[in-house]
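An overview of the molecular structure
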Amino acid sequence: MKDMFAQLFSTIPLEHPPHINWLVHLALLLSLAFLFVLASKSRGELMVKGIFLILLLALYGFFIFLDFSWQTSLPFYHCRLAMLFLLFSRTGSKFKQFWAYLGIIGPIVAFAYPVLYNYPFFHITNISFVLLHQLLFYLSAAYLYRQNNVTSLSKREIQIYSFSLTVVMAIAVVWTGGNYGFLLDLPILHTRSLWFNTMFLSLLLALGIRGIQECFFSFKTRKRLAEEGLV
C-alpha cells in the first residue's frame, strides 16, 4: 500500500510520457459513448460529483504541495476550467451552458489526441487525466439533458465566449511561459505563434461548440418526438 501511494504521488518524472496504443484510444472514446447513454438516464450523478471533487482535490493537492510549477499547475486548460465552472457557475445560465458544451467536446479531443504527463500511467496526474475527462463528459451531458427549456447560444455569444476564454489563456501564457491551452505549441500543427494560435484556436473552439450544440439539440428533439410517438 505504501509503495502504491509513493508511485501515485511520485515527484520523479519519466523521460517521456507513457505510450497509449490505438486500442486504448478506442476504449477511451467508446467509454464516452457509454457515458453519454448513462447521462441520458441521469444515473448516479451525485456519486459522480463526489468522485469528481475528490479527484480534483487530489490532483491540485499534488500540484500545490508536491510538484507546483507556474508553467503547468494552474487551471488554464480548456477542460480544467470547464471542470471548475461546471461545478460552481449558476445553473441555467448561458455561461454554464457554454462550459457544458465544452465539457462534451473537450474529452472527445483529449481522448482522440491524449497528452499525458511525464509520469507512470498509475500516477495521480495521468489517472486524473482519464477519469476527470470521463466524469466531466458525464456531468456535462447530464446537465444538458436536464435543461429542458434552454435556448441555443447565438453565434455571437459563442464567438465572444470562445475568444474571451482563449485571450485569458493567452495572458496566462505570457505571464507564466507555460503552454496553457496549447497556445505556444498547438498539437498536430505545432505552430508556435501566440497570435496565430490564439485566433485559430478561438475560431476552432467556436465552430466546435456550435457543432456540439446543434448535435445535442437535434438529438434531444428526436428523443422527445420518439417518446411522444411522433416519429
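Another point: the packing of aromatic side chains. Enumeration over the complete set of coordinates arrives at 21 aromatic pairs. Ring geometry for F62 versus F63: centroids 5.9 Å apart, planes at 55°, classification tilted. Ring geometry for F76 and Y180: centres 5.9 Å apart, planes at 75°, overall edge-to-face. Here F76 is found in the loop between α3 (45-65) and α4 (78-88), whereas its partner Y180 is found in the loop between α7 (155-176) and α8 (194-227), with 104 residues between them in sequence. The partly exposed category is assigned to F76, whose relative accessible area is 22%. Members of the aromatic cluster, each reached through a chain of ring pairs, are Y60, F62, F63, Y117 and Y119.

Here we take up unusual backbone geometry. One non-glycine residue, F182, lies in positive phi territory at about 60°. Residue F182 is classed as partly exposed on the basis of its relative accessible area of 29%. The backbone of I188 shows a phi angle near 70°, a positive value even though the residue is not glycine. Residue placement: I188 occurs in the loop between α7 and α8. For I188, a relative accessible area of 63% translates into the label exposed.

Calculation notes
- Residues numbered from 1 in each chain as written.
- Predicted model: local features only at pLDDT ≥ 70, side-chain atom pairs only at ≥ 80, totals over all residues.
- Heavy atoms only, no water.
- Phe/Tyr/Trp six-rings, centres within 6.5 Å; stacked < 30°, edge-to-face > 60°.
- Helix = DSSP H or I, 4+ residues; strand = E, 2+ residues; numbered from the N terminus.
- Buried < 20%, exposed > 50% of the residue type's maximum accessible area, 1.4 Å probe, protein only.

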